[in-house]
Amino acid sequence: MTALVQTLVNGLLYGGILSIAAVGFSLIFGVMSVINLTHGIFVIGGAYGALVAWSVLGIDPLLSIPPLMLVAFALGWACQRLVIQPAVERGNPVAALLVTFGFALIAVNLLTVTFSSSVRSISPSYSFINLRLGDISIDLVRLVAFGCGLALIAILGSFLRFSRWGRVIRATALSELGARLCGVDARAVYAMTFAVASAFAAASGVLIGMMLPFTPADEVTWTVYAFIVVTLGGVGSLGGAMLGGLLLGLVSTLTQTYLGAVYTNMVMFLILLFTLLVRPNGILGSAFKASR
Amino acid sequence: MARRITILLLAVLLIAALTTLPFFLKAFHIRVGLSIFLSAGFAVCWWLLAGFTAYYSFGHTAFVGIGAFAAALALRAVPEAAPALQLAWSLGAGLVVAGGIAAIIAWPILRLRGHYFTIAMLAVALVLGEAVAAFPVFGGSTGLALPNLAPMGVRVEAFFYWIALALLAIVMAVAWVISRSRLGYGLAAIREDEDAAQMLGVPTTRFKVVAFVLSGGLIGLIGAVYALNLGYITSDSVFRGSLSLEMIVNSLVGGMGSILGPVIGAAVMTGVTKLVLADLLEYHLAITGVLIVAVVLVAPDGLVGLWRRRRAQSAGR
Amino acid sequence: MTTTDLLSVQGLAAGYGGALAVRGLDFAVAPGTIAVLVGANGAGKTTTVQVIAGAIRPSGGTIRFDGETVTGLDCPAMVDRGITLVPEGRLIFARMTVEENLLMGALNRRAAANLARNLDRVFALFPRLAQRRGQLGGSMSGGEQQMLAIARGLMAEPRLMILDEPSLGLAPKVVAETFGLIRQLNAEGITILLVEQNVRQSLQLADRAFVIEKGRVVLSGAGPTLLDDPFVKTAFLGL
Ligand SMILES: Nc1ncnc2c1ncn2[C@@H]1O[C@H](COP(=O)(O)OP(=O)(O)OP(=O)(O)O)[C@@H](O)[C@H]1O
Ligand SMILES: [Mg+2]
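Values in this document were obtained by computation on a predicted structure and should not be read as measured data.

Rules behind the numbers
- Residues numbered from 1 in each chain as written.
- Chains lettered and ligands numbered in written order.
- Predicted model: local features only at pLDDT ≥ 70, side-chain atom pairs only at ≥ 80, totals over all residues.
- Heavy atoms only, no water.
- Helix = DSSP H or I, 4+ residues; strand = E, 2+ residues; numbered from the N terminus.
- Rg over C-alpha atoms; globule rule 2.2 N^0.38 Å.
- Buried < 20%, exposed > 50% of the residue type's maximum accessible area, 1.4 Å probe, protein only.
- Contact = heavy atoms within 4.5 Å.
- Lys, Arg positive; Asp, Glu negative; His and termini not counted.
- Charge placed at Lys NZ, Arg CZ, Asp CG, Glu CD.
- Donors = N, O, S within 2.8 Å, 3.2 Å for Na, K, Ca; no water.
- Patch = residues over 30% accessible without salt bridge, like charges linked within 9 Å, V, L, I, M, F, W, Y side chains within 5 Å.
- Areas by Shrake-Rupley, 256 points an atom, 1.4 Å probe, with all protein chains shown as cover.
- Salt bridge = Lys/Arg side-chain N within 4 Å of Asp/Glu carboxyl O.
- Buried area = accessible area lost by both parts, 1.4 Å probe.
- Polar contact = N/O pair within 3.5 Å; in protein donor to acceptor, adjacent residues only side chain to side chain.
- Nonpolar A, V, L, I, M, F, W, Y, C, P; charged D, E, K, R; others polar.
- Pairing = 2+ DSSP bridges.
- Axes fitted to C-alpha atoms, helices over the stretch in contact; angles between N-to-C directions.
- Core = buried A, V, L, I, M, F, W, Y, C linked by side-chain atoms within 4.5 Å.
- Domains from an automatic or database assignment.
- Near = heavy atom within 4 Å.

**Section: the overall build of chain B**
Next up, step 1: Across its full length, chain B carries 14 helices and two strands.
Next up, step 2: Rg of the C-alpha trace for chain B: 20 Å, near the compact-globule value of 20 Å for 317 residues, within the 12% margin.
Next up, step 3: C-alpha atoms of chain B, sized along the principal axes, occupy 60 × 50 × 45 Å.
Next up, step 4: Here chain B holds 317 residues, and the buried ones make up 50% of them.
Next up, step 5: Excluding contacts between residues fewer than 6 apart, the proportion of contacts in chain B whose partners are at least 24 apart in sequence is 78%.
Next up, step 6: Within chain B, the 12 negative side-chain charges are centred at a point lying 11 Å from the centre of the 20 positive side-chain charges.

**Structural notes on the coordination of the magnesium ion (ligand 2)**
Next up, step 1: The coordination sphere of the magnesium ion (ligand 2), as far as protein atoms go, consists of C:Thr46 (OG1) and C:Glu88 (OE), spread over 1.8 to 2.4 Å. Here C:Thr46, found in helix α1 (residues 45-52), pairs with C:Glu88, found in the loop between β6 (83-86) and α3 (98-105); they are 42 residues apart in sequence, far enough to count as distant.

**Description of the arrangement of the chains**
Next up, step 1: Across the two pairs of chains in contact, the largest number of contacts is found between chains A and B.
Next up, step 2: Considering only C-alpha positions, the minimal separation of the non-contacting chain B and chain C is 15 Å.

**Examining a nonpolar patch on the surface**
Residues and elements named next belong to chain A.
Next up, step 1: Taken together, the side chains of Met1, Leu4, Val5, Leu8 and Tyr258 define a hydrophobic patch exposed on the protein surface, amounting to about 480 Å² of accessible area.
Next up, step 2: Here the nonpolar patch takes three residues from helix α1 (residues 2-32), the largest share from any one element.
Next up, step 3: With respect to the helices, strands and loops of the structure, Met1 is situated in the segment before α1.
Next up, step 4: Met1 gets classed as exposed once you look at its relative accessible area, which sits at 75%.

**With respect to the interface of chain A and chain B**
Accessible area lost upon the coming together of the parts serves often as the stated size of an interface.
Next up, step 1: Taken together, the contact between chain A and chain B spans 38 residues of the former and 38 residues of the latter.
Next up, step 2: Surface buried jointly by chain A and chain B totals about 3,500 Å² across both partners, of which 80% is contributed by carbon and sulfur atoms.
Next up, step 3: Inspection of the chain A/chain B interface yields zero salt bridges.
Next up, step 4: One can count seven residue pairs in polar contact (both at pLDDT 80 or more) joining chain A with chain B.
Next up, step 5: For the side of chain A that touches chain B, the secondary structure elements donating two or more residues are α3 (61-88), α4 (93-115), α9 (219-233) and α11 (264-278) of chain A.
Next up, step 6: Here the side of chain A that touches chain B gets 13 residues from one element, more than from any other, and that element is α4(A).
Next up, step 7: Tallied by class, residues from the side of chain A that touches chain B come to 29 nonpolar, seven polar and two charged.

**Digging into the sheet that holds strand β7 (residues 160-164) of chain C**
Residues and elements named next belong to chain C.
Next up, step 1: Here we have six strands laid out as an open sheet, ordered β6-β7-β8-β3-β9-β10, and mixed in their pairing. Each edge of the open sheet is held by one strand with a lone partner, namely β6 and β10 (216-221). Within this sheet the neighbouring strands show an average axis-to-axis angle of 20°, counted without direction.
Next up, step 2: In this structure, strand β3 (residues 34-39) lies alongside strand β9 (residues 208-213), joined through five bridges in parallel fashion. Looking across to β9, one finds that Val36 is bridged to Ala209.

**A few points about the nonpolar core**
Next up, step 1: Formed by 202 residues in total, the largest nonpolar core has its most connected members in B:Phe63, B:Phe117, B:Phe212, B:Ile233 and C:Met104.
Next up, step 2: Ranked by residue count, the leading element in this core is helix α8 (residues 186-211) of chain A, at 17 residues.
Next up, step 3: Of all hydrophobic cores here, the second largest spans 43 residues; its members include C:Ala149, C:Leu185, C:Leu205 and C:Val232.

**As for the domain arrangement of chain C**
All names here are of chain C.
Next up, step 1: Along its sequence, chain C is carved into domain 1 (1-82 + 158-238) and domain 2 (89-156).
Next up, step 2: Between the C-alpha centres of domain 1 and domain 2 there is a distance of 23 Å.
Next up, step 3: Each partner contributes residues to the interface: domain 1 has 17 residues there, and domain 2 has 14 residues.
Next up, step 4: For the pairing of domain 1 and domain 2, the buried interface totals around 1,200 Å² over both sides, and the portion due to carbon and sulfur atoms is 66%.
Next up, step 5: Applying the counting criterion to the domain 1 and domain 2 interface returns one salt bridge.
Next up, step 6: As a salt-bridge pair, Glu188 and Arg121 come within 3.7 Å of each other at their nearest N and O atoms.
Next up, step 7: Connecting domain 1 to domain 2 are two residue pairs in polar contact (both at pLDDT 80 or more).

**Notes on unusual backbone geometry**
Residues and elements named next belong to chain C.
Next up, step 1: Residues other than glycine seldom take positive phi values, yet Glu165 does so here, at roughly 50°.
Next up, step 2: You can call Glu165 buried: its relative accessible area is 6%.
Next up, step 3: With a phi angle near 50°, Lys214 is a residue other than glycine that sits in the positive phi range.
Next up, step 4: Mapped onto the secondary structure, Lys214 falls in the loop between β9 and β10.

**A look at the interface of chain C and chain A**
Next up, step 1: In this assembly, 20 residues from chain C lie in contact with 22 residues from chain A.
Next up, step 2: Summing both sides of the interface, chain C and chain A together bury roughly 1,800 Å²; the carbon and sulfur share of this comes to 65%.
Next up, step 3: Of all residues in chain C, the largest losses of buried area upon contact with chain A belong to C:Arg95, C:Met104 and C:Leu107, amounting jointly to 31% of the total for that side.
Next up, step 4: For the pair chain C and chain A, the number of links is two salt bridges.
Next up, step 5: Close ionic contact of A:Arg161 with C:Glu100 constitutes a salt bridge, the shortest N to O distance being 2.9 Å.
Next up, step 6: The tally of links from chain C across to chain A stands at three residue pairs in polar contact (both at pLDDT 80 or more).
Next up, step 7: Secondary structure elements with two or more residues in the side of chain C that touches chain A: α2 (75-81) and α3 of chain C.

**Quick notes on the sheet that holds strand β5 (residues 68-69) of chain C**
Strand pairing in a sheet is mediated by backbone hydrogen bonds. Such pairs are either parallel or antiparallel.
All names here are of chain C.
Next up, step 1: A sheet is described by the order of its strands in space; here four strands give the open sequence β2-β1-β4-β5, paired in antiparallel fashion. Single-partner strands in this sheet number two, and they are β2 (19-29) and β5.
Next up, step 2: Sheet topology note: the strand β4 (residues 60-65)/β5 ladder contains two bridges and is antiparallel. Bridge pairing in β5 places Phe65 opposite Glu68.
Next up, step 3: On the sheet, α1 packs against β1 (7-16), β2 and β4 and is oriented at approximately 115° with respect to β1.

**Focus on the pairing of β4(C)**
Residues and elements named next belong to chain C.
Next up, step 1: Strand direction decides the pairing type here: β1 and β4, joined by five bridges, are antiparallel. When the bridges of β4 are listed, Leu7 appears paired with Phe65.
Next up, step 2: From the end of β4 to the start of β5, which pair antiparallel, there are two residues, and Asp66 there has a positive phi angle of about 55°.

**Side note on the pattern of salt bridges**
Pairing of side chains with opposite charge becomes possible as their charged atoms draw close.
Next up, step 1: For the coordinates displayed, the defined rule picks out 18 salt bridges over all chains.
Next up, step 2: C:Glu68 serves as the salt-bridge partner of C:Arg81, at 3.0 Å between the closest nitrogen and oxygen. With a gap of 13 residues between them, C:Arg81 in helix α2 and C:Glu68 in strand β5 connect regions that are remote in the sequence.
Next up, step 3: Accessibility expressed as a relative area gives 33% for C:Glu68, which makes it partly exposed.
Next up, step 4: Several salt bridges converge on common partners, so that one network encompasses B:Arg113, B:Glu194, B:Asp195 and B:Lys208.

**Some words on α1(C)**
Residues and elements named next belong to chain C.
Next up, step 1: Burial analysis of α1 places eight of its eight residues in the buried class, the great majority of the element.
Next up, step 2: For α1, the complete set of buried residues consists of Lys45, Thr46, Thr47, Thr48, Val49, Gln50, Val51 and Ile52.
Next up, step 3: Note on α1: the residue one or two positions beyond its end, Gly54, has a positive phi of about 90°.

**Looking at the site of ligand 1**
All names here are of chain C.
Next up, step 1: Around ligand 1, a shell composed of 13 residues is seen, among which Lys45, Thr46, Thr47, Glu88 and Gln197 lie nearest.
Next up, step 2: Here a nitrogen atom of ligand 1 and a side-chain polar atom of Tyr16 are 3.3 Å apart.
Next up, step 3: Taking Thr47, its side chain carries an N or O atom lying 2.5 Å from an oxygen atom of ligand 1.
Next up, step 4: Protein coverage of the free-state accessible area of ligand 1, which is 630 Å², stands at 57%.

**Here's the deal with the side chain of B:Thr288**
Next up, step 1: Here B:Thr288 lies in helix α13 (residues 284-298).
Next up, step 2: Residue classification places B:Thr288 among the buried positions, given a relative accessible area of 13%.
Next up, step 3: When neighbours within four sequence positions are excluded, B:Thr288 is seen to be in contact with A:Leu105, B:Met269 and B:Leu277.

Have a look at this one:
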């Protein structure tokens, strides 16, 4: 019984991280219909940014989140304006996908050259503290990361719901032409979307870096996980990302505990496949497109 | 008619020239040629589905893996047979098993369109890759070894060079025949507008399934050769996302508009990677990335499209 | 074509990819009037008004608005100058509330400054929208959605309001209401450019009407006069 509760708690904590790590991907997919393969780069880039801030400048990873988000915002903006938008305007659905792939290759190469391919981790002073709740034990770091993840999702949600930019982004996703006729500069909206998504990806990367060891090559994993989370929950909505992330977190820890670690990924991918076949728009459906 | 004969003649000459090449080349360059033929073969098979129907699979490495493991397991059943028989037997196993599994998943998967199909194929590849890694029949994380089937006195790389060349010629011929057939026109109609095609009486489901099974089966065939050439396979080496991506990238770099696209793309990309970038190993990925971005932005219809545009321009002047 | 025209279009050409949908199209709209474009399906009416609204870049010709050449400007620039298009098919934001849809109409600086006043005005004009300000746009009826599209356009404080087939798919009674509304807006000083399939009713409304065929204006005149034109009678009125 205790083991089950412990597993569920671990699963939820991990799921929260999967959720926040997927929201950027979800936003870009929902608004621009672009499968953004640079997503994992921004996640892992955030982890390395926090590593530098912590090991060189001695800044606590949590405090490095805001400045790193700013940097990622600027990089995301530039990346979208310079390479992705021109590809989107080619009209070929795969063109944008390929450009993001090419960009990811460049970035992962630069990360490897800069940081080497060896495994890194960030362990601030509080990283080995264990909280006990009866028989259940919880890593303080995981709990903190979970809380920060939820807070970040809430911030992004409010931005989309209540800010002027958020409204313009949603409108453009719903009808690009309709929004343009209202006087929206669609390109600026896409750049903004990409920049915001990148900032939140980097923030999630900091949290991941605090919890798990990482290498540059992990970027692929985080892109794929974002993919699964979004497919599971539904495209473009934060609720979908939350639901998908938590489900995936639970499934993956349950599989790990009761079937064995070798089956974790297989079960996750099977769920992805199954969801696609029965409910291609995810459990909650797309936030922006009518379901088929 | 005269033009057809010229093209046929040129093709025969080219194949003859490529066949004799190993006698003049160093082992390293033969291996480069072999890599080009294998990746061109994969790209053409991927294009067989994507180029005709615009169903972009992101998981065709699944069929490479199926073909490879089918060949390896098939060879375990006949350890004593003559090498030539073993070769035929393992290639046959790659073709049939990959084609069979393609046939099984074709119907549910092909109901999905656009991004959904793309992602679903990725999931198929990931599931199979993980399953193969998890179950001991497939050697688990240690993988399976395959015997060396090259005849005595023939250099291994040259042997597989010839086989890969032959298979490339075969899959190109298959693609070419399809492009002139009713199937080809039906598939092109699906690419332009699937619903309209269906209303015009094109049996869209059947045509898509046929293209999918051919594509998967032929990749399995080449995948068997890929495995024999490696001599030793693991889940990671044959169910590899980068293999799927290479098929896509090569086809797009070359151009999706014609069957020459994937071949030229594979030749250029593999050639550049193995020959030009060999000394820049550290920056290999970044340079590949720059190439991909550049091609998409500068030559959206690929190198073949670029060449055609150039020619149309100079003809118009 | 006089200098007093609010909008004048000369030799306009535009298309999609290769083929031109509009080629050498001329017409003008005097301030404070109602102008109507009619023509068969595919004649190029939507293309024309989308070019004027800045959604499609023209490949030739000139567009002048209020004495200024505005050819090739983008949507935000056109909206800033006072041109608003209520598009064919409405294109309201289905998963946003009525109020959010209206706020989207008020993005330019002038409209944003007068937001509260414009909201009141629009809600007075369309009481149904006021009742349903929290409802999702996509869950409203076709007629309500058309009202919302027009209301959203009004939020931008247009000087020239272009309406592309506002009566499409509406019941006759609602169509009559819509035409009444257009007349009312015009009386309040907004210049109207109306694209319509409903030829009889729209020509009765028109100070000036233009018949478009294959991307060109083939006939023009005062609306009611055109109703008696033999070509219009056979081509559009089935007489
Ligand atoms: N997005 C598009 N891509 C390609 N061609 C288009 C596009 N939109 C319109 N066309 C073509 O341009 C021509 C003019 O179309 P347009 O929509 O302007 O006609 P219209 O007069 O508004 O017709 P309707 O009364 O049916 O709305 C048509 O031949 C149409 O097929
Ligand atoms: Mg129209």
